[in-house]
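Analysis of the macromolecular model
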Amino acid sequence: MQDLNLDELEELLDRVHSWFPTSRPTPDPPEAIYTQSVWSSRQASTVVDVTDFLRPPAAINSSNPSHPTSSSQHRSQVLRQIAEGDPTLPCRTIILDITLPPSPPPRPFSASYTHPSLSFLTSLKLPLWPDTRVVGVGGEEGVTQVFSHPSLKDTIHALYLAITPTPTPSNFTPDTIEAETTCVSKGACVRVYSRCLYCLEGRPGVRMLASFTPSVSGKPPTNTTTTTTTWPNPFHEGRMNLHGHRVRVVAKSLFPFMEFTADNTNTNNTESGTTVTPRDSLDVRMLNTVAHVLNFTYEMRMAVDDQWGTQVDGEWTGMVGTLAEERADMSMMLFWSYDRKKVIDFTRIYTSEPFIMVTHKPRPQPQHLALVRPFVVDLWVAVLVSTLVAGVVLWSLQKGWAAISNAHADALDLTSALMYTWGAMMQNTITRLPTNTTGQMLVGWWWVFCILITTTYRSSLIAHLTVPTTSPPIDYLHQLLDLPGATWGIEPGYGLGWDWFKLNTNPSVQEMFKVIKVLSTEEHMNEVLKGRHAFFTWKYYIKTIIASRYTDTRGNTPIHVGREEFIPGSTGWGVRKGLPFLDPIDRIHDSLDEAGLIDYWLEKLFETTMRKTRVLQGDDGDGGGGEYLESGMVDGSGRGMVLVLNLNHLQGAFYLLFLGYIAAALTLVCERLAHGRPSSPSSSSSSPHKSAQF
């Protein structure tokens, strides 16, 4: 059989186009081995010998020393750019001329048949581009070997034009004469085969679509006999049907997105994890919908190490590693990241799960400090200094007035002036006012100042006694770092949250990573309830746990969810590179999102989980479900109710009274020590008037 030239190849493709006229045209191609519009545009790309691409550049230059190599180098550079990753490759069609060179009969052919074009497809990384169309032209004997080549394992659209050789005197044999006689009698010497990925009960299959003879270029044959006339256009992008294909799914539990029960089976296969039985969750509902539309079944397993996936010594662990090594076809919920996208693909984002921290809600501050809490320290200092200054000013003015009017008997000493202003501040009734206008003016304004201060203090004190104040909640990372004795931790999933701590360039986060605690969710929540511990986890996952296990029927909970979101947590399904049905999955996800089913399912899962958990806890609806709540927790459930003050609210006043008793007793002791010595008779008789005045 002789090699086809370009005109003969175009003739064959035009004949195929006459059978499949609905193939869509595509844009103009760059210079390469493939063409973008195979059928109608007649825009062919550069046709090259693929052996030049497969050989090293040095070998190419040495084989043709007399010819310039600029075009070959340019062609090789373009092809290698495509092999490294060309986003337009799925829009193109690769035409392969794999006809065998002429040889004396019988022509050599075996099951180990290979061709440089197929090796070229491997170098082109064709498995990464399942939508790329591939059309092969060759002998009848190469159909099975070409379609079963590993480079086409994920290719959706693949055709093969099998050419029946024309008998010549050099290759006359009884078999070829009989085959050619049949071919000529039917008027069909080219058979068109199509490879389908999942048509044989989910397995790849080969089917013959049509047969014809390329006698008149560009015109439909008049004597063509088709073997099948009901096959649809093999390049028609209709709804994909996997015909019961078994999809390998890997998953990790993270409710409400994914939930399962591990099967009690021990497997000796170290390359796959334990099989699991899915439970009602968001991803399971979405997976069942996708499986119903695309008509496939699935087997779900855990990752071998039950991790999300992180890089360790250049190798990926967990679900990411399982997909990267193609030990699974797709995973359930997995967080997007730039590093993961290098080794696996993702479906479109269908929801967001931010990375946050949860802490204990602020507890009420001690009630014995309620008397001083209405004012901050600066205000207390300002009031004290103002009182002392007012006393000194009053004493100075009285001294000055006495010096002018010679009324030294009515002047106040410094101690009396200070007690005078302090008594006014304490709302003590003053029986004697200054007799001069200067002192009266000062005392009047001082009274106005004292009324404003005391009125403000009383109103604030009432508010602090009725609604105990709390310290600010921990919403941001710097608040946690400023908290003395604080600890923090994460679950042992070693996923995107672990990478955020591990790869963070913030010095504070790097220091946190050195002392981070890796505990289970239950252990972290117990630490949070003790106080001064932060649990870094995922927002809706932990909210489900809080709502079902740490909240009573009145909505009271001691757990606080921080406001700062450290990672957006964009979630999609992870898939192995080159998965053929990734686009249909994306379209189904978009339909579910646009219909509002994802948000609706999430809301229903929250309600169902809370109801089931409370039934298991024996909650009868009278508020007994808050076994984790604390009596001192502050919430807004008591607003609008009458609050009766008790001893706990006014303990500060009693402490102050006891402090006054102690101060008075100590003063008495000091006076006794200072005046306890007996006085002489002369001194006592010489001052009877002064003793009587005291």
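First things first, this report covers the structure right here in the doc. (Residues numbered from 1 in each chain as written. Predicted model: local features only at pLDDT ≥ 70, side-chain atom pairs only at ≥ 80, totals over all residues. Heavy atoms only, no water.)

**Topic: the sheet that holds strand β2 (residues 133–139)**
- The five strands lie next to each other as β1-β2-β3-β4-β5, forming an open sheet whose pairing is mixed. A strand with exactly one partner marks an edge of an open sheet, and here the two such strands are β1 (93–97) and β5 (203–212). Each strand axis lies, on average, 20° off the axis of its neighbour in the sheet, ignoring direction.
- Relative to β2, β1 is paired through five bridges, and the arrangement is parallel. Note on β2: the bridge partner recorded for Ile95 is Val135. (Pairing = 2+ DSSP bridges. Helix = DSSP H or I, 4+ residues; strand = E, 2+ residues; numbered from the N terminus. Axes fitted to C-alpha atoms, helices over the stretch in contact; angles between N-to-C directions.)

**A closer look at the environment of Arg340**
- If you trace the backbone, Arg340 turns up in helix α10 (residues 338–341).
- C-alpha of Arg340 to C-alpha of Val320: the two residues are 20 residues apart in sequence and 7.1 Å apart in space.
- Aside from chain neighbours lying at most four places away, what touches Arg340 is Trp308, Gly309, Trp316, Val320, Leu334, Phe335, Phe346, Gly495 and Leu496.
- At 2.9 Å, the side chain of Arg340 forms a polar contact with the backbone oxygen of Phe335. (Contact = heavy atoms within 4.5 Å. Polar contact = N/O pair within 3.5 Å; in protein donor to acceptor, adjacent residues only side chain to side chain.)

**Points about the state of the cysteines**
- The final tally for this structure, using the stated rule, is one disulfide.
- Between Cys196 and Cys199 runs a disulfide, and the two sulfur atoms are separated by 1.7 Å. (Disulfide = S-S within 2.5 Å.)

**Here we look at the pairing of strand β6 (residues 245–251)**
- Of all the seven residues making up β6, five are buried; the element is thus mostly covered by neighbouring parts of the structure.
- In this structure, β6 lies alongside strand β12 (residues 330–335), joined through two bridges in parallel fashion. Bridged to Val249 within β12 is Met330. (Buried < 20%, exposed > 50% of the residue type's maximum accessible area, 1.4 Å probe, protein only.)

**Some thoughts on the nonpolar core**
- Ranked by internal contacts, the top residues of the largest apolar core, which has 84 residues, are Leu480 and Phe536.
- Beyond its immediate sequence surroundings of up to four residues, Phe536 is in contact with Phe355, Ile356, Met357, Leu477, Leu480, Trp488, Gly489, Ile490, Phe501, Met512 and Phe566.
- Within the second largest apolar cluster, 17 residues are counted, among which are Ile94, Ile98, Leu124 and Ala162. (Core = buried A, V, L, I, M, F, W, Y, C linked by side-chain atoms within 4.5 Å.)

**Quick notes on the packing of aromatic side chains**
- Inspection of every chain in the model, using the stated rule, returns 21 aromatic pairs.
- Both rings, one in Phe335 and one in Trp538, keep their centres 3.9 Å apart while their planes meet at 20°; by these two values the pair is stacked. Of the two residues, Phe335 is situated in strand β12 and Trp538 in strand β18 (residues 533–538); the sequence distance between them amounts to 203 residues. For the pair Phe335 and Trp538, a shared accessibility class is recorded, and that class is buried.
- Centroid distance Trp498 to Phe513: 5.0 Å. Interplanar angle 65°. Geometry classified as edge-to-face. (Phe/Tyr/Trp six-rings, centres within 6.5 Å; stacked < 30°, edge-to-face > 60°.)

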